[in-house]
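Survey of secondary and tertiary structure
Residues per chain are reported as follows:
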Amino acid sequence: MDTLANSYVPLPAEALDADAMRAAIVRKLTYDLGKSQAGARDRDWFMATALAVRDRIVDRWLSVTRAAYEGGQKQVYYLSLEFLIGRLLRDGVTNLGLTELVSEALAPLGVDFEKVRQAEPDAALGNGGLGRLAACFMESLASLAIPAFGYGIRYEHGLFRQIIRDGWQQEYPEDWLNFGNPWEYARPEIAYDIGFGGAVEAVIVSEARMRHVWHPAETVQAVAYDTPVVGWRGQHVNTLRLWSARAADPLKLDAFNYGDHVGALADRVRQESICKVLYPSDESPAGQELRLKQEYFFASAALQDLVRRHLRVYGDLKSLPDKVSIQLNDTHPAIAVAELMRICLDLHGIAWDEAWEITQGTVSYTNHTLLPEALESWAVPLMERLLPRHMQIIYLINAFHLDRVRAKHPGDTRLLSSVSLIEEDHGRRVRMGHLAFVGSHKVNGVSALHSDLLKRTVFKDFHALEPGKVVNKTNGITFRRWLQQCNPGLTGLLTEAIGPAFLDNAEALKDLAPLAGDAAFQQKFLAVKRQNKEALATLIRSQLDIRVDPHAMFDVQIKRIHEYKRQLLNVLETIALYDAIRSQPTRDWVPRVKIFAGKAAASYHRAKQIIKLAHDVARVINSDPTVRNLLKVVFLPNYNVSLAEMIVPAADLSEQISTAGMEASGTGNMKLGLNGALTIGTLDGANVEMLEHVGAENIFIFGMTTEEVEARRREGVQGSAAIAASSRLSEVLEAVRSGVFSPDDRNRYRDLVDALCGSDYFMVAADFDAYFESQRQVATRWADQAAWQRSAILNTAHMGWFSSDRTIRDYAQEIWQVPVRR
Ligand SMILES: *Cc1c(COP(=O)(O)O)cnc(C)c1O
């Protein structure tokens, strides 16, 4: 069991005094913001409170950071193009144990902490699960007192704001930095030159040695912005260092003086555009030069920074693998492999073999997807133009790599072209996943199924060459944010029922299991859920002007909109249920609210069409008096971390219905299960492991397995076969196709339905009947409330393993070799 609690050192007494906190907040308001109390708005109080809370973090931050260097501890560097953080005030306040104190400090000022909290904009520096994972990992690293830096980009505009107009998604720029960011420290003095383009000069050093000097055509500066990340109980604080681009020359003074005011600034605007926006690719084809620039920009800045820090303490790079672990979150930072080689070879004169040992010993890589369109590759001419020296190094890495393969498997040309870092077929391209694989000592998938599939599919040949390199690290979520902070009602009930041990050791949630059948406890569990549902119902009413009944089942699908996640399957089942209710209105239907939220990539037309369909269906159903309150459909706009924190505690049913083999892990499934929702899902991603943990009787599993999906695709079975076999599905699709839900444009969904009749790539038609049937079992279980509550409690009880603390411990032991405080 975890003993974090035993080493808990409380904050000094004055830090725990509400009067002192109030005085500190007012001082910040007055002297840092220059505002009077009378004129202060919620946003001002937020800034003042955040600054006062930040002051409580800084001393520890500085001292633990220093102690880590002085103690020679190994440092973990987590490189991620995305950090989907959300708000930080409640995170800081709860981890420091200041929740009541801050509320008490604000109350006499007539300020409501809840309103102040909500005035904080979401830091939405990520698209979805991958970015949210990085944020959960940062919190767990700090909570486990592992010295770590997160490295990423300080995007001026994070993920777009989604507005729904007439059922269609529209994207608007997001502006989280407009009113300043109280958590970050700008470090204009910590800046590195990042080169692009130019040429490579080969300098003869001696007869046996050649040194390469890269003369970039252009350099941009990467400037550090640091955010302290405070761990649970405030004992350890790590750094999230995000890089911002700064032009080396702010303006061309001569051009400006000639009167070309815009032209004088053009270079600056272009260079600084690197950190303007989060790349809007949620697994849609990337292919733009700016994206590659972003990747190199932050990977190079991170490496220059960590190498400088390492050299200051240890003097040379030989010891890098003993003192540093670099984790690549997907292939976006994979260019780091070539950059670390360049630093070793060109800047420190280290010989190739040793440089390679250093690189491989330090770097490891997490794969997040098997989707072919999301496996990054860059055209060789683009790489040669933008990063000429890196391209040379990649060629050499590839040559040595292929020599090793050839030595083992002479004459196997298929194998050679399959594992080559260069794809030769569709124009020459650098395969970033292969580069990351070869340059790492460990490669991990993010759920047991996903890691097995990696070994069977994309990295099959690599796995055969280096068995043991691919390992699994099933994703997790931080329970501080996804239980304690977002669901204080449940946290209070759990503490009352099983004591506070689970706050420090998630596995202690198991102590709840014996209470699952206890009628009195079930009532309390239900009451907490009801309260959370009432809060969500209020939000739905204020946002959409739709009334939903908190006694109805809240059936929730919240995630990016993607065909493989199959929101369409859910919408079609909703229509089938609607038809069933209308044909037998007097049956004892279980009242349901179908709740959707999620963004579609701006260029992903099919996903936007599905959002529109959800709205069209919602309009028809919500306004049909025969349905009464038996079915409501709700689409909450602008899904982000803060909205998830509202929906997750209020969910009864969690929809995790991706096509088997396509969701790497999922983490939304874990958040919802932890908060007592039952899952309806496929055998995909981490659902498989959730089934093992919560037990088959507490989860609804349906549909084809990965193998069955593969077989059906191989055999080329059309969706029309499944449709012909299901009168229910035929009727639903006929209604959609003929425009029943789109009387203003009867052809709107023709192509959508045609795609289901054709290849049905995502198996929506093929899985429909199984899903519909599984939903009827869900309704039957709901009708037996004692059985439902029992299952819900057991879901919470058995989710402990899905804490990101467990995930991080696994990385620490098997990949990073860093000690973890137990
Ligand atoms: C957890 C989370 C995700 C990931 O959800 P999945 O269901 O695993 O796809 C995406 N976006 C936000 C805002 C999240 O909080």
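Residues numbered from 1 in each chain as written. Predicted model: local features only at pLDDT ≥ 70, side-chain atom pairs only at ≥ 80, totals over all residues. Heavy atoms only, no water.

1. Some thoughts on the overall build of the chain
What counts is decided by this rule: Secondary structure elements are taken from DSSP: a helix is a run of H or I of four residues or more, a strand is a run of E of two residues or more, and numbering for both begins at the N terminus. Throughout, the radius of gyration refers to the C-alpha atoms, and the reference size of a globule is 2.2 Å times the residue count to the power 0.38. Partly exposed describes any residue whose relative accessible area lies between the buried limit of under 20% and the exposed limit of over 50%, with all areas from a 1.4 Å probe on protein chains only and scaled to the type maximum.
A count of helices and strands for the chain gives 34 helices and 24 strands. On C-alpha atoms alone, the chain measures out to a radius of gyration of 27 Å, which is about the 28 Å that the 2.2 N^0.38 rule sets for 822 residues. Principal-axis analysis of the C-alpha atoms gives the chain an extent of 90 × 75 × 65 Å. Out of the 822 residues in the chain, the part that is buried amounts to 61%.

2. Points about the pairing of strand 12 (residues 324-329)
Condition: Only strands that DSSP links by at least two bridges are regarded as paired with each other.
Strand 12 sits mainly inside the fold: six of its six residues count as buried. Here strand 12 shows a buried face lined by Val324, Ile326 and Leu328 and a second buried face lined by Ser325, Gln327 and Asn329. In the sheet, strand 1 (residues 75-79) pairs with strand 12 via five bridges, with the strands oriented parallel. Each bridged residue has a counterpart across the sheet, and for Val76 the counterpart in strand 12 is Ser325.

3. Some words on the site of the ligand
Rule in force here: One heavy atom within 4 Å of a molecule or strand is enough for the residue carrying it to be called near that molecule or strand. As used in this structure description, the phrase polar contact means that two N or O atoms lie within 3.5 Å; if the pair is within protein, one of them must be able to donate a hydrogen and the other to accept it, and residues adjacent in sequence are counted only when both atoms belong to side chains. Under the convention used here, a 1.4 Å probe and the Shrake-Rupley method define accessible areas, while residue burial counts only the protein chains that appear.
Around the ligand lies a shell of 15 residues, among which Lys559, Lys565, Thr667, Gly668 and Lys671 are the nearest. A distance of 2.7 Å is found between an oxygen atom of the ligand and a side-chain nitrogen or oxygen belonging to Lys559. Between an oxygen atom of the ligand and a side-chain N or O atom of Lys671, the distance comes to 2.6 Å. Summarising the interface, the protein chains cover 96% of the accessible area of the ligand, which totals 390 Å² for the free molecule.

4. Comments concerning the UniProt feature "modified residue: N6-(pyridoxal phosphate)lysine" (unreviewed entry) in the chain
Rules: UniProt positions are given in the numbering used here, feature names are shortened, and annotations may be inferred rather than shown by experiment. By the convention used here, residues are in contact when the closest approach between their heavy atoms is within 4.5 Å.
The feature "modified residue: N6-(pyridoxal phosphate)lysine" (unreviewed entry), as given by UniProt, occupies Lys671 in the numbering adopted here. Along the polypeptide, Lys671 turns up in helix 26 (residues 668-674). Exposure remark for Lys671: the relative accessible area of 7% places this residue in the buried category. Discounting chain neighbours no more than four positions away, the residues touching Lys671 are Arg132, Ile477, Trp482 and Val648.

5. Overview of the packing of aromatic side chains
Under the convention used in this document: Pairing of aromatic rings covers Phe, Tyr and Trp, the last through its six-membered ring, and needs centres within 6.5 Å; plane angles under 30 degrees mean stacked, over 60 mean edge-to-face, and all others mean tilted. By definition, being over a ring means that NZ of Lys or CZ of Arg is both within 6 Å of the ring centre and within 35 degrees of the ring normal.
Going through the model one piece at a time under the given rule, you end up with 22 aromatic pairs. Ring centres of Phe521 and Phe525 lie 6.1 Å apart, and the angle between their planes is 45°; on these two criteria the pair is classed as tilted. Of this pair, Phe521 and Phe525 both sit in helix 22 (residues 519-544), four residues apart, which is roughly one turn of the helix. Since its relative accessible area comes to 6%, Phe521 is described here as buried. For the pair Phe768 and Phe772, a centre-to-centre distance of 6.3 Å together with 25° between the ring planes defines the contact as stacked. Separated by four residues within a single helix, Phe768 and Phe772 lie in helix 32 (residues 764-783), roughly one turn from each other. Of the two residues examined, Phe768 and Phe772, each falls in the buried class. Through a chain of ring-to-ring contacts, three or more aromatic side chains come together here, namely Tyr77, Phe149, Tyr151, Tyr192 and Trp243. The ring of Phe160 carries Lys599 above its face, with NZ or CZ at 5.4 Å from the centroid. Here the basic side chain of Arg806 rests over the ring of Trp801, its NZ or CZ set 3.6 Å away from the ring centre.

6. Description of the side chain of Glu184
Position of Glu184 relative to the elements: it lies in the loop between strand 6 (168-172) and strand 7 (185-196). Within the structure, the side chain of Glu184 is placed 2.8 Å from the side chain of Arg154, a separation counted as a polar contact. Setting aside chain neighbours within four positions, we find Glu184 in contact with Arg54, Arg154, Tyr225, Asp226 and Thr227.

7. Focus on the sheet that holds strand 4 (residues 148-153)
Two orientations exist for strands paired in a sheet by backbone hydrogen bonds: parallel and antiparallel. Basically, it comes down to this: The convention used is that axes are lines fitted to C-alpha atoms, helices contributing only their stretch in contact, and that angles between N-to-C directions extend from 0 to 180 degrees.
Spatially, 7-10-11-4-1-12-13-17-18 is the arrangement adopted by the nine strands of the open sheet, whose pairing is mixed. Strands with a single pairing partner mark the edges of an open sheet, and in this sheet they are strand 7 and strand 18 (470-472). Each strand of the sheet is rotated relative to its neighbour by a mean of 25°, with strand direction disregarded. For strand 17 (residues 443-445) and strand 18, the ladder comprises three bridges, and the chain directions are parallel. The partner of Asn444 across the bridge, within strand 18, is Val471. Relative to strand 11 (residues 237-247), helix 8 (residues 263-272) is tilted by about 150°, and along the sheet it contacts strand 10 (218-230) and strand 11. Of the strands in this sheet, strand 1, strand 4, strand 7, strand 10, strand 11 and strand 12 are in contact with helix 9 (residues 289-314), which crosses strand 7 at around 115°.

8. A closer look at the nonpolar core
Note the cut-off: In this description, a nonpolar core means a group of buried Ala, Val, Leu, Ile, Met, Phe, Trp, Tyr and Cys residues linked to one another through side-chain atoms lying within 4.5 Å.
Grouped together as the largest cluster of nonpolar side chains are 272 residues, with contacts concentrated most on Trp243, Phe297, Ile326, Ile394, Ile397 and Leu572. Ranked by residues supplied to this core, first place goes to helix 2 (residues 42-70) with 11 residues. The contacts of Ile397, once residues within four sequence positions are left out, are Val337, Met341, Trp352, Trp356, Leu421, Leu435 and Val438.

9. Section: the environment of Glu663
Locating Glu663 in the fold gives a position in the loop between strand 22 (653-656) and helix 26. In this structure, the C-alpha to C-alpha distance between Glu663 and Ser726, residues 63 residues apart in sequence, is 27 Å. Glu663 has contacts with Lys559, Tyr564, Lys565, Ser658, Asp684 and Gly685, leaving out every residue within four places of it along the chain. Within the local environment of Glu663, its side chain forms a polar contact with the side chain of Lys565, the two groups lying 2.9 Å apart.

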